[in-house]
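Results of the structural survey
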Amino acid sequence: MKYTIFDIADENFGIEIQWVVEILKPQKLFKIPELPDFVSGVISVRGEIIPVIDLRIRFGITEKAGKQRVVLIRLEEAKVGLLVDNVTDIAEISKEKISKPPKLFKGFRAEFIKGLGQEHSYVGTKTSNSNRVIIILDIERILTSEEKIKLKRSRGKLKNEKVNPHGRESVRRRLKKDKK
Amino acid sequence: MKIKKKLSTTFIFRVLIILLIGQSFIWYWSFSRHNITIEDDLRERISLVSTLIANAAAAINTSQDYTYIEQLTEGAIKDKNIVSIEVTKGSKSLIRKSQAPEEMASQKMETPIMEGDKKTGTVTITYKQVKPDTVFILTNLILQGIVFLVLTFLIYLFFQRHIGRQIESLSASIEKVTLGDLTQKIEIAEDNEIGIIAKGLDFLIERLLITVRKLKSITGNVSAAISQLNLTFKNVINGISNRQRSLEEISRAVKNASGSQKQTIANTEKLLSLSNDNVSALLEMRAASEEIASSIGNLNSNISDSYSAVAGLTQSAQKVASMADNATSAVHKASTSIEEINASVKEAEKTIKESAELSNRTTNIIAEKGMLSVVDAIEGMERIEDSVNSLTEAIERLGRRSRDIEKILSVIKDVTEQTGMLSLNAQILAVQAGEHGKSFSIVADEMRNLSEKTAASTQDIATIVSTLQKEIREAMDSTMETVRMVEEGNHVVLKTGDALREILHASQKSTQMAASIEHAAAQQAKGLSLIFNAVDDIQNMILDVNRTTGQQERDTASLLESISSIKESMEAARNATDKQAESTGFITDNIELSNGKTAEIARASTEQQKVNRQIIEAMEEVMVIGKETTRNVKEVSLFITSLHNEVEVLRKEVEVFRTGTL
């Protein structure tokens, strides 16, 4: 399985590549009053309005980052931007290398974490760590169901919803596959 | 206690009197009865005797026996009472016998001698009353008296024992009670009338005691209360009289005040009219003083001018005088120092010659060697400066270029990032496309490699450029330092040149000067003697000047003094007139104001006068009422005093009763 690897506060996080749509440079973040509080703002990507969730805020990290990237993912029916520090690479991590996370992990909320992936003899762009641990995020749990409903509502208000029934179905299918 | 007053005595006495009267009456009666019986007895006896004699006489007629009769008469005559017996028969006296000379106080009894029914003769017996026996009477009386006395004593004893003592104690108690001792208790327990009386009396005394006690306390209280009341009333009277007095005083004061106020009103009105006059006068005065002020001002300015002129004169005179003084002293000094100079000038001449030679030599040295080397140094420094300047320019240009390189590097960096992102996106797309994207994924990998390489080389270039920049900066800094040092050196060289030039100039000058000094010194020596003579003349002249200037100074000073005094007085006058004008205005205003106020006061005073009159009337009424009150209070006080006196009397009376402890 391939993962998109990104950094937040010098920690490596990974999400399964099929969720990812695109990686973008940080853009102007528009603050809209009607948005739910966990949404930092919206960005415009090729005429499409996309809500952005700052993962730093989500993980309770307050210090400022030098660089920023937006990982655009497809969550359920719509696209959501995740604000991260940097996207480093796309990496292949086999299932054997993924272990279950401890209950409390480095202060991050364990419910977001799907597992910990280990990668040996990795040669990155910046770091030459031969041994790195990647926190694999459970993208579906990053938002609670309540937040998802709220997001949906606000999306309805923004009238920028683009329904993709196939996408939704395929996601479910893939989820089932994963569980097996 | 007098015996007379004793009831028992009186009683006994009266009983005795009654007894005495009765006894004496009895005695008198018995005595008179005794006398009567005696008389009767005597008469009976006499008549018996006479009858006997008559019978015997009758018997003679018949028998003619006179013996018997004789005997009879003889026997009879022996009776003391019978004074004489005479028996007559017919006209013939038969027997006549008498005891003693007949007494006048004798009585006669005639008894007829009856012979049958015929009277033949009479028997006359004269007898006298025999006097009662005095001894007997006396004895009787004495006896009776003794009996009486015994009786009296007995009665007295009896009475005294049974009644008298009780009555006495009773009366003593009563007497004590009468004297005021109510503590008395009559102790008669007998059940007779006296006992009842005693009980009743006891009861009465008890009641009296209670009553008197009550009365005593009441009177005491009343007395105290009344004396208190009296005191209070006296105070009240005092207070009232004081009030009265103060009211009178107030009244008087108010009247006085009223009078003085009237005066005030009159005065105020007068004042008002006067001040009105004053105002107009003051207004005139104001105008006049303003005029005066202006003219005095003019005068003053003139005087000031002349004063300043004189002051200037004085000052210059003083200056002249002081300068003359200075000159005198200076001339003195000069004459002494000239002598000194003369001496030193000669010494100087020698030294001057030596120094002239020395300076000549110095000038030559400086001119030949020093100046040449300085000029060389300046030229060398200027060349250094030029080359350093060109070096600096070159370095600065290099710095600019390196900044350009930086810009290019940042652009390359952006491109690298973009490429990296692009390769990431390409990889994502390749993965998501599955089998079809495999060939695309190769391209994406290549792109990624490219971007990574570019990023690495960009990083290298960046480090090289920054090192270069750092070195350029250091070079620039050191160049700047060199420039500064070159400039400093240049400056020093220039300064040295200047200093050398000055030295040269000075030594040239000193050479010239030494020559001229040499020349002048000789002339000076000549001139000095001339000066010496001239100074003496000057000294004399200056002394003359000094004298005159002193005089002048004194004159100008006195002039200045008088002018300044005039000026002062004029200024004072001006000030005064100014002030007068000002204050006249002020006064006028004030007087006008005060006029208004005075009119107000007059009005207010008149008002108050009315009020005062009302007050006086009211006060008089109050005083009348007060007087009445005083009278009433005095009456009440008098009444209280009399009441007090009466109560005092009552109290004293009550105090007579000894009531014992309550």
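Remember, it's a predicted structure, so these values are computed and weren't measured experimentally. (Residues numbered from 1 in each chain as written. Chains lettered and ligands numbered in written order. Predicted model: local features only at pLDDT ≥ 70, side-chain atom pairs only at ≥ 80, totals over all residues. Heavy atoms only, no water.)

**With respect to the packing of aromatic side chains**
Residue and element names in this part refer to chain A. This structure, assessed with the given rule, holds one aromatic pair over all chains. On the basis of an interplanar angle of 20° and a centroid distance of 5.9 Å, the ring pair of F6 and F13 is categorised as stacked. Just as F6 is buried, F13 falls in that class too. (Phe/Tyr/Trp six-rings, centres within 6.5 Å; stacked < 30°, edge-to-face > 60°. Buried < 20%, exposed > 50% of the residue type's maximum accessible area, 1.4 Å probe, protein only.)

**Focus: the confidence of the model for chain B**
Residue-level pLDDT values for chain B average 74, and 73% of them are 70 or greater. Per-element mean pLDDT across chain B ranges from 72 in strand 2 (residues 92-98) of chain B up to 80 in helix 3 (residues 134-179) of chain B. (pLDDT = per-residue confidence, 0-100. Helix = DSSP H or I, 4+ residues; strand = E, 2+ residues; numbered from the N terminus.)

**What to know about the nonpolar core**
Counting residues in hydrophobic clusters, the biggest one holds 36 residues, and the most contacted among them are F6, L55 and L137 of chain A. Counting residues in hydrophobic clusters, the runner-up holds 21 residues, among them L42, I46, A57 and I82 of chain B. (Core = buried A, V, L, I, M, F, W, Y, C linked by side-chain atoms within 4.5 Å.)

**Concerning the interface of chain A and chain B**
Listed by partner, the interface residues are 17 residues for chain A and eleven residues for chain B. In total, about 1,200 Å² of surface goes out of reach between chain A and chain B, with carbon and sulfur atoms giving 62% of it. Sorting the residues of chain A by area buried against chain B places I23, K25 and I90 of chain A first, and these three jointly supply 40% of that buried surface. Taken together, the links from chain A to chain B amount to two salt bridges. Counting the contacts that link chain A with chain B gives five residue pairs in polar contact (both at pLDDT 80 or more). Contributions of two or more residues to the side of chain A that touches chain B are made by strand 1 (2-8), strand 3 (20-24) and strand 8 (86-92) of chain A. When residues in the side of chain A that touches chain B are grouped by element, the largest group, five residues, is from strand 3 of chain A. Across the side of chain A that touches chain B, the residue classes tally to seven nonpolar, four polar and six charged. (Contact = heavy atoms within 4.5 Å. Buried area = accessible area lost by both parts, 1.4 Å probe. Salt bridge = Lys/Arg side-chain N within 4 Å of Asp/Glu carboxyl O. Polar contact = N/O pair within 3.5 Å; in protein donor to acceptor, adjacent residues only side chain to side chain. Nonpolar A, V, L, I, M, F, W, Y, C, P; charged D, E, K, R; others polar.)

**Looking at the environment of Q508 of chain B**
Residue and element names in this part refer to chain B. Its place among the elements puts Q508 in helix 5 (residues 438-656). Classification of Q508 as partly exposed rests on a relative accessible area of 36%. Q508 sits 147 residues away from R361 along the chain, and the two C-alpha atoms are 9.9 Å apart.

**Overview of a nonpolar patch on the surface**
Residue and element names in this part refer to chain B. Together, L138, L141, I142, I146, V150 and L154 line one region of the surface with nonpolar side chains, adding up to about 550 Å² of accessible area. Tracing the chain through its elements places I146 in helix 3. For I146, a relative accessible area of 47% puts it in the partly exposed group. (Patch = residues over 30% accessible without salt bridge, like charges linked within 9 Å, V, L, I, M, F, W, Y side chains within 5 Å. Areas by Shrake-Rupley, 256 points an atom, 1.4 Å probe, with all protein chains shown as cover.)

**Regarding the pairing of strand 7 (residues 78-84) of chain A**
Residues and elements named next belong to chain A. For strand 7, the tally of buried residues reaches six of seven residues, placing the bulk of the element in the interior. Inspection of the sheet shows strand 5 (residues 48-54) paired to strand 7 by three bridges, in the parallel sense. Looking at the pairing, V52 lines up with G81 of strand 7. As paired elements, strand 6 (residues 69-75) and strand 7 share seven bridges and run antiparallel to each other. Within the sheet, the bridge partner assigned to L75 lies in strand 7 and is A78. (Pairing = 2+ DSSP bridges.)

**Thoughts on the sheet that holds strand 4 (residues 41-45) of chain A**
Sheets are built from strands that pair by backbone hydrogen bonding, the pairs being arranged parallel or antiparallel. Residues and elements named next belong to chain A. Within the open sheet, the five strands sit side by side as 3-6-7-5-4. Their pairing is mixed. Edge positions in the sheet fall to strand 3 and strand 4, since each has one partner strand and no second. Strand-to-strand twist across the sheet, computed as the mean angle between neighbouring axes with direction ignored, equals 35°. Pairing geometry for strand 4 and strand 5, over five bridges, is antiparallel. (Axes fitted to C-alpha atoms, helices over the stretch in contact; angles between N-to-C directions.)

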